[in-house]
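Read off the chains here:
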Amino acid sequence: MTVKGLINGIRIIVESDPDAASRTAAELIARQIAEKTDCVLGLATGGTPVQTYERLIQMNASGEVDFARVTTFNLDEYIGLDRQHSQSYRVFMNTHLFNHINIDLNRTFVPDGCAGDIPRHCAEYESMIQSAGGIDLQLLGLGHNGHIAFNEPGSPVNSRTRQVDLTAETIEKNARFFPTINDVPRHAITMGIATILEAKSILLLALGEAKSDAVDAMLQGPITQSHPASLLRNHNDVTVVLDEAAAGKTSVVDRSAISMD
Ligand code: GLP
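A brief structural summary. Please read all numbers here as calculations on a predicted model, not as lab measurements.

### Overview of the site of the ligand
Around the ligand, a shell composed of 14 residues is seen, among which Gly47, Thr48, Asp76, Arg176 and Lys211 lie nearest. With respect to the ligand, the backbone of Ala149 contributes an N or O atom lying 3.3 Å from a nitrogen atom. Asn174 has a polar side-chain atom sitting 3.0 Å from an oxygen atom of the ligand. Split into classes, the residues belonging to the shell around the ligand amount to 4 nonpolar, 7 polar and 3 charged.

Now the structure itself:
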């Protein structure tokens with residue numbers, strides 16, 4: 001069953017399980033592409049969007065979505081991992097999406113974690129987003145501590161693409177993708193909060209019980225730099241797609257705000 005509602009100005013869609021939530025996220029992305037075939041998507045990595053990308057690959061194969069004219073910008077990249085490194089976000093995107101759809105790879109952009117002059121590269125990344133006309137739809141995951149992209153707690157609301165230090169918690173969470181925790185890079189390039197909030201629309205996907213506290217704080221806690229995702233409430237076009245486990249308290253606490261399909 002799909003439950004839809006509005007909490008503090010954010011559209012919420014709660015699906016029964018991760019598969020259904022991922023299908024819904026894929027459909028919203030496909031709808032954006034259908035409305036504007038040359039749209040600009042902001043894309044995310046991590047475990048959360050993997051099933052969404054799988055669904056988009058299926059939809060592309062069956063002709064339901066066409067990436068031929070789409071441009072993409074990824075949120076972030078580890079510093080020190082080159083484009084061929086198995087854990088780089090460039091390889092992640094190629095492996096989980098780009099290699100399997102009819103997108104022009106020359107129109108897919110991921111920050112370069114091995115750029116010689118990182119501040120300059122970050123400024124150029126911002127310029128490239130502007131030159132492409134801005135991001136039409138930004139897909140986001142959600143960190144356990146409320147981070148979005150690699151904007152850790154305390155990230156300024158006016159921050160732009162820049163080099164950041166990862167918190168010990170994020171390094172620990174992301175260690176599952178690396179041989180040992182010592183192999184996890186300590187720094188990253190990330191779009192800033194302001195960069196993300198400039199997207200015309202935002203789609204945040206969160207799955208699993210472990211995200212339920214972060215979801216609750218995002219939707220119903222104070223709007224604060226201490227919980228970066230709460231800053232999304234300053235944007236007027238945000239959709240949050242959850243499975244029931246991630247919705248956790250949210251659907252219970254604010255049931256009055258929620259209607260059923
Ligand atoms: C990572 C990424 C974020 C992602 C988040 C959650 O550190 N930089 O973009 O949303 O953590 O990851 P996951 O989806 O694996 O839980």
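### Digging into the side chain of Thr161
Tracing the sequence through the fold places Thr161 in the loop between strand S7 (137-140) and strand S8 (162-165). Owing to a relative accessible area of 8%, Thr161 belongs among the buried residues under this scheme. Here Glu126 takes part through its side chain, which lies 2.7 Å from a polar atom of the side chain of Thr161. Apart from the residues within four sequence positions on either side, Thr161 is in contact with Cys122, Tyr125, Glu126, Ile189, Thr190, Met191, Gly192 and Thr195.

### As for unusual backbone geometry
With phi around 50 degrees, Asn8 is a residue other than glycine that occupies positive phi space. In this fold, Asn8 is placed in the loop between strand S1 (3-7) and strand S2 (10-15). The partly exposed category is assigned to Asn8, whose relative accessible area is 46%. Within the chain, Ala149 stands out as a residue other than glycine whose phi angle is a positive 50 degrees. Relative to the assigned elements, Ala149 resides in the loop between S7 and S8.

### Points about the packing of helix H1 (residues 18-35) against helix H2 (residues 50-61)
At a minimum axis separation of 8 Å, H1 and H2 run at an interaxial angle of 55 degrees. Compared by their axis directions, H1 and H2 come out oblique. Crossing of H1 over H2 shows right-handed handedness. Contact residues: Pro18, Asp19, Ser22, Arg23, Ala25, Ala26, Glu27, Ile29 and Ala30 in H1; Gln51, Thr52, Arg55, Leu56 and Met59 in H2. Here the contact of H1 with H2 is built from residues that sort into 7 nonpolar, 3 polar and 4 charged.

### A look at the pattern of salt bridges
Counting across every chain of the model gives 8 salt bridges. Its salt-bridge partner being Arg120, residue Glu124 comes within 3.3 Å of it at the nearest N-O pair. One end of the pair is Glu124 and the other is Arg120, both in helix H4 (residues 118-131) and 4 residues apart, which spans about a single turn. The class of Glu124 is partly exposed, set by a relative accessible area of 38%. With a shortest N-O distance of 3.0 Å, Arg160 and Glu126 are connected by a salt bridge. In this pair, Arg160 sits in the loop between S7 and S8 while Glu126 sits in helix H4, placing the two residues 34 residues apart along the sequence. Take Glu126: its relative accessible area is 10%, and that puts it in the buried class. One network of salt bridges, with partners in common, ties together Lys36, Asp136 and Lys200.

About the criteria used
- Residues numbered from 1 in each chain as written.
- Predicted model: local features only at pLDDT ≥ 70, side-chain atom pairs only at ≥ 80, totals over all residues.
- Heavy atoms only, no water.
- Near = heavy atom within 4 Å.
- Polar contact = N/O pair within 3.5 Å; in protein donor to acceptor, adjacent residues only side chain to side chain.
- Nonpolar A, V, L, I, M, F, W, Y, C, P; charged D, E, K, R; others polar.
- Helix = DSSP H or I, 4+ residues; strand = E, 2+ residues; numbered from the N terminus.
- Buried < 20%, exposed > 50% of the residue type's maximum accessible area, 1.4 Å probe, protein only.
- Contact = heavy atoms within 4.5 Å.
- Axes fitted to C-alpha atoms, helices over the stretch in contact; angles between N-to-C directions.
- Parallel < 35°, antiparallel > 145°, perpendicular 65-115°, else oblique.
- Left-handed = near helix turned anticlockwise from the far one by under 90°.
- Salt bridge = Lys/Arg side-chain N within 4 Å of Asp/Glu carboxyl O.

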